[in-house]
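Listed here are the chains, written in short residue letters.
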Amino acid sequence: MTVSCTPESAVASADAGEIARRFVAARREARSLPGYPGGLPISLDQAYERQDAAISLWRDPIVGWKVGRIPDLWLERMGEDRLMGPIFAGNLFAADPSPILLPVIDGGFSAIEAEYIFVLGRDARADQLSWSIEQAADLVAELRVGIELAGSPLATINELGPAVVVSDFGNNAGVVIGPEIPDWRSRRWDDMTCATWIDGDLVGRGGAMTLPGGPLAALAFALQRGARRGRSLRAGMIVSTGAASGIHDIRAGQCGRLVFDESLEMHCCAVRAEARA
């Protein structure tokens with residue numbers, strides 16, 4: 001009798017493909033998920049495998065990456081202090097004096113975050129797996145302010161942990177890229193401030209150094225993780241560096257006002273997402 005068996009890695013890859021398919025279908029249909037669509041990822045590497053499978057199904061060019069902080073509770077288990085997810089061309093919005101309309105999935109997760117966003121001026125070396133803050137800074141063409149729309153069909157995505165966040169595009173649903181900070185290299189990071197209001201209520205204050213290491217530490221991480229994944233960063237890409245004033249839930253019909261350096265304002269309103277073609 002011949003006994004056949006499927007290698008564990010092949011089973012994991014098949015699972016990754018099916019979970020990615022379910023997440024992508026829910027995002028395209030603007031439909032919430034009642035729970036995680038499969039077994040939970042047990043490591044970041046497994047989670048990134050699922051993210052890569054979803055990227056291949058989404059079929060939209062990647063124009064940058066969002067970086068998020070892994071909570072202290074998870075650091076020892078995950079082995080890294082940050083995570084990354086793709087920013088797609090169709091989910092990148094340019095700031096405008098009028099509020100930017102951000103589509104959110106009814107019954108899913110949605111939040112806005114004040115962000116400091118780097119625009120890269122040079123390609124990163126694909127074979128460089130370790131990056132210092134100084135080396136990361138040398139790649140930067142511009143520093144801008146912006147808004148991340150954190151979003152997922154899964155309402156409990158953050159509660160289930162960083163690996164789950166990674167597996168669904170890093171819990172990213174869009175980025176609004178705002179004006180440039182022209183003199184950022186000569187300024188103190190501690191002097192850069194931001195605050196977020198939703199429907200007129202102040203919901204968070206912070207600044208460039210709210211997250212450990214600040215924006216350049218987030219960029220260095222993205223360069224390192226990207227190289228390890230075979231996704232080295234290229235000139236023109238953006239890197240959104242983390243929730244500088246916190247993560248603030250927003251629902252369709254609500255509007256946000258984000259203020260940087262107490263004078264530069266950005267506005268957005270959440271609207272109910274519709275199914276994509």
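Everything quoted here is computed from the prediction, not taken from an experiment. (Residues numbered from 1 in each chain as written. Predicted model: local features only at pLDDT ≥ 70, side-chain atom pairs only at ≥ 80, totals over all residues. Heavy atoms only, no water.)

A. Spotlight on the overall build of the protein. The helix and strand tally for the protein stands at six helices and 13 strands. Rg of the C-alpha trace for the protein: 18 Å, near the compact-globule value of 19 Å for 277 residues, within the 12% margin. Principal-axis analysis of the C-alpha atoms gives the protein an extent of 75 × 45 × 35 Å. Within the protein, buried positions represent 52% of all 277 residues. Carbon and sulfur atoms form 51% of the exposed surface of the protein, whose accessible area is close to 12,500 Å². Here the protein contributes 27 positively and 35 negatively charged side chains, and the mean placements of these two sets differ by 4 Å. (Helix = DSSP H or I, 4+ residues; strand = E, 2+ residues; numbered from the N terminus. Rg over C-alpha atoms; globule rule 2.2 N^0.38 Å. Buried < 20%, exposed > 50% of the residue type's maximum accessible area, 1.4 Å probe, protein only. Areas by Shrake-Rupley, 256 points an atom, 1.4 Å probe, with all protein chains shown as cover. Lys, Arg positive; Asp, Glu negative; His and termini not counted. Charge placed at Lys NZ, Arg CZ, Asp CG, Glu CD.)

B. Quick look at the pairing of strand β8 (residues 193–198). Most of β8 sits inside the fold, with five of its six residues counted as buried. Inspection of the sheet shows β8 paired to strand β9 (residues 201–207) by six bridges, in the antiparallel sense. What sits directly across from W197, in β9, is L202. Adjacent in sequence and paired antiparallel, β8 and β9 are bridged by two residues, among which D199 carries a positive phi angle near 50 degrees. Relative to strand β12 (residues 255–260), β8 runs antiparallel, the two sharing five bridges. Bridging across to β12, T196 finds its partner in L258. (Pairing = 2+ DSSP bridges.)

C. Quick peek at helix α2 (residues 44–58). With 15 residues, α2 should reach 21 Å at 1.5 Å per residue; the first-to-last C-alpha distance of 21 Å fits that figure. Here α2 has its buried residues at L44, A47, Y48, R50, Q51, A53, A54, I55 and W58. Taken from the residues just after α2, R59 is the one with a positive phi, measuring 60 degrees. (Expected span 1.5 Å × (residues − 1).)

D. Representation of the pattern of salt bridges in the model. One pass over the full model with this rule turns up 20 salt bridges. R31 is the salt-bridge partner of E29, the closest N and O atoms lying 2.8 Å from each other. The class of E29 is partly exposed, set by a relative accessible area of 44%. On the accessibility criterion, R31 (35% relative accessible area) is partly exposed. Salt bridges here are not isolated pairs; linked through shared partners, they connect D45, E80, R225 and R228. (Salt bridge = Lys/Arg side-chain N within 4 Å of Asp/Glu carboxyl O.)

E. Examining the state of the cysteines more closely. If you walk through the whole model with that rule in mind, you get one disulfide. Note on cysteine connectivity: C255 is disulfide-linked to C269, with sulfurs 2.0 Å apart. Across the S-S bond linking C255 and C269, the dihedral sits near 100 degrees, which makes this disulfide right-handed. Separated by 14 residues along the polypeptide, C255 in strand β12 and C269 in strand β13 (residues 264–272) bring together distant segments of the chain. In this structure C194 is a free cysteine whose sulfur lies 13 Å from that of C268, the closest cysteine sulfur available. Exposure remark for C194: the relative accessible area of 4% places this residue in the buried category. No disulfide involves C268; its nearest neighbouring cysteine sulfur is the one of C269, lying 6.7 Å away. (Disulfide = S-S within 2.5 Å.)

F. Representation of the sheet that holds β9 within the structure. Pairing is mixed across the open sheet formed by five strands, whose spatial order is β4-β13-β12-β8-β9. The open sheet is flanked by β4 (100–104) and β9, the only strands paired with a single partner. For this sheet, the mean inter-axis angle between neighbouring strands, taken without regard to orientation, is 25 degrees. Taken together, the five bridges between β4 and β13 define a ladder with parallel strand orientation. Note that in β13 the partner of V104 across the bridge is R272. (Axes fitted to C-alpha atoms, helices over the stretch in contact; angles between N-to-C directions.)

G. Structural view of the confidence of the model for the protein. Scored by pLDDT, the protein has a mean of 94; 95% of the residues are at 70 or more. Under a pLDDT of 50 for its full length, residues 1–11 has, in the predicted model, one contact with residues more than four places off or in other chains. (pLDDT = per-residue confidence, 0-100. Contact = heavy atoms within 4.5 Å.)

H. Looking closely at the packing of aromatic side chains. All told, the structure shown has eight aromatic pairs when counted by the stated rule. Aromatic pair F23 and Y36: ring centres 5.4 Å apart, planes at 70 degrees, arrangement edge-to-face. With F23 in helix α1 (residues 8–28) and Y36 in the loop between α1 and α2, this pair connects stretches of sequence that are 13 residues apart. A residue is classified by how much of its surface remains accessible, and F23, at 1% relative accessible area, is buried. Through successive ring pairs, a cluster of aromatic residues spans W58, F88 and F169. (Phe/Tyr/Trp six-rings, centres within 6.5 Å; stacked < 30°, edge-to-face > 60°.)

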